[in-house]
Amino acid sequence: MKNIYLNIHKPNLLNLKKAKRNIENNNVIGVPTETVYGLAGNAYSNKSVKKIFKLKKRPSINPLIIHFKNLSDLKKDVILNADFIKLYNALCPGPITFVLNKNKKSKISNFALARKKTVAVRIPKHRVIKDLLNILKFPLAAPSANISSKLSPTSAKDVFDEFGNKIKFILDGGKCKIGLESTIIDLTKKPTILRPGGISVKKIQNIIKKKVILKKKFIKITAPGQLKLHYSPGIPVEINKKYAKKHQALIGFGKKFKVAKNHFNLSKNGSLKEAANNLYKTMRIIKKRKFKSIAVNRIPNKDIGCAINDRLKKASNK
Ligand code: AMP
Ligand code: MG
């Protein structure tokens, strides 16, 4: 059988070096992180960053998250503050992104920042992106490796499904451990959650010992995750539904969810963490099986359930 996945590569030393060369030549590549797969390019290079926007069909007003190897590199591009240090010590590396003020000496491409004076930064935990950052001399701009407004990829094959051979290189780091995008917190003013994720608000409040604002209604779009239709599987999604209609798939959760051909259980033992991990994969499967739309049972709105509901709400355009 013909192997169509010629651009998917194991993350061994040789391939990490090839990935490095690709990125140094201003190409963009698919890279695993613990949240979702990223489309990564040199954050200091306008050329690389423009390629990311073009491939993703991403509006140029949507700035990109910049991924760093460590704190000392981070300091070159952003101004740190006390809340950041507390959260960094407790949660990094990990699935949390911080919006901070740009350092005057920063070399980050203005296109990556959509010309803002702030930068969204993350220190990822996944071994493969860490190994890659360790052999590079610059940070990586890496939004999720999907066409804008669509589902994020949680495996190397998902990245291939999105871009095919339009990207030359995809590093295969297996299935993403979390499977939903990072929590984003703006620390340039009173700590504000711009996007819920794997790290709960409660946890953050306990660390910085102050109340965190949860941004619900957005007057102005400051984050890609705030665009109205986002995380879309490409077919209509209806939330908080008990039953499926004709030709509709039903996504449910827990032991009591009935087994049926059109039923998809995110976690048989009722784990929200597992449900979050299976969400995008399940929606991709449903789309491939040619269902016309998706109905979703009510998902408990606690812990990572808040992040699941945030994505489902946006997928349903509500
Ligand atoms: P995404 O690339 O879709 O995973 O989302 C990136 C997120 O980072 C957005 O949701 C924004 O909240 C945030 N963001 C990225 N860059 C900036 C920036 N320069 N200033 C403020 N927020 C940013
Ligand atoms: Mg995205």
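One can find the structure itself at the top, above this paragraph.
Here we summarise the structure given alongside this text. Here, residues in each chain are numbered from 1, in the same order as that chain's written sequence. To label them, take the chains in the order written and letter them from A, then take the ligands in the order written and number them from 1. Two thresholds apply to this predicted model, a pLDDT of at least 70 for residue-level local features and 80 or more for giving and counting side-chain atom pairs, whereas whole-chain, interface and lining totals are computed over all residues. Only hydrogens and water are set aside; all other atoms, that is, all heavy atoms of the structure, feed into the side-chain values.

### Focus: helix 4 (residues 82-91)
The cut-offs for exposure are 20% and 50% of the maximum accessible area for each residue type, with area from a 1.4 Å probe on protein chains only; residues under the lower value are buried, those over the upper are exposed, and the others partly exposed. In DSSP terms, a helix is any run of H or I states spanning at least four residues, a strand is any run of E spanning at least two, and both are numbered starting from the N terminus. All buried positions along helix 4 are accounted for by Asp83, Phe84, Leu87, Tyr88 and Leu91. In a view along the axis of helix 4, the buried residues occupy a sector of 130°, so they form one face of it. Of the exposed residues in helix 4, those oriented more than 90 degrees away from the buried face are Ala82 and Asn89. The criterion used for residue contact is that any of the two residues' heavy atoms lie within 4.5 Å. Summarising the contacts, the buried residues of helix 4 are in contact with helix 3 (71-77), strand 5 (96-101), strand 9 (183-186) and helix 7 (201-208). Regarding the arc, it is the one traced by the directions from the helix axis to the C-beta atoms.

### Examining the side chain of Thr183
Tracing the chain through its elements places Thr183 in strand 9. Given a relative accessible area of 1%, Thr183 falls into the buried group. In protein, a polar contact requires one atom able to donate a hydrogen and another able to accept it; more generally it is a pair of N or O atoms within 3.5 Å, and residues adjacent in sequence count only if both atoms are side-chain atoms. For Thr183, the side chain forms a polar contact with the main-chain nitrogen of Gly198, separated by 3.4 Å. If we ignore the near neighbours within four places in the chain, the residues touching Thr183 are Pro95, Ile96, Thr97, Ile193, Arg195, Pro196, Gly197, Gly198, Ile199 and Ile204.

### Here we look at the sheet that holds strand 14 (residues 263-265)
Any two strands with at least two DSSP-identified bridges between them are counted as paired. With parallel pairing, four strands are arranged side by side in an open sheet as 12-15-13-14. Lying at the two open borders of the sheet, with one neighbouring strand each, are strand 12 (237-238) and strand 14. The sheet contact formed by strand 13 (residues 248-252) and strand 14 spans three bridges and is parallel. Each bridged residue has a counterpart across the sheet, and for Leu250 the counterpart in strand 14 is His263. Running over the sheet, helix 8 (residues 272-288) touches strand 13, strand 14 and strand 15 (293-296) and is turned about 165° from strand 13. Axes here mean lines fitted to C-alpha atoms, for a helix over just the part in contact, with angles spanning 0 to 180 degrees between N-to-C directions.

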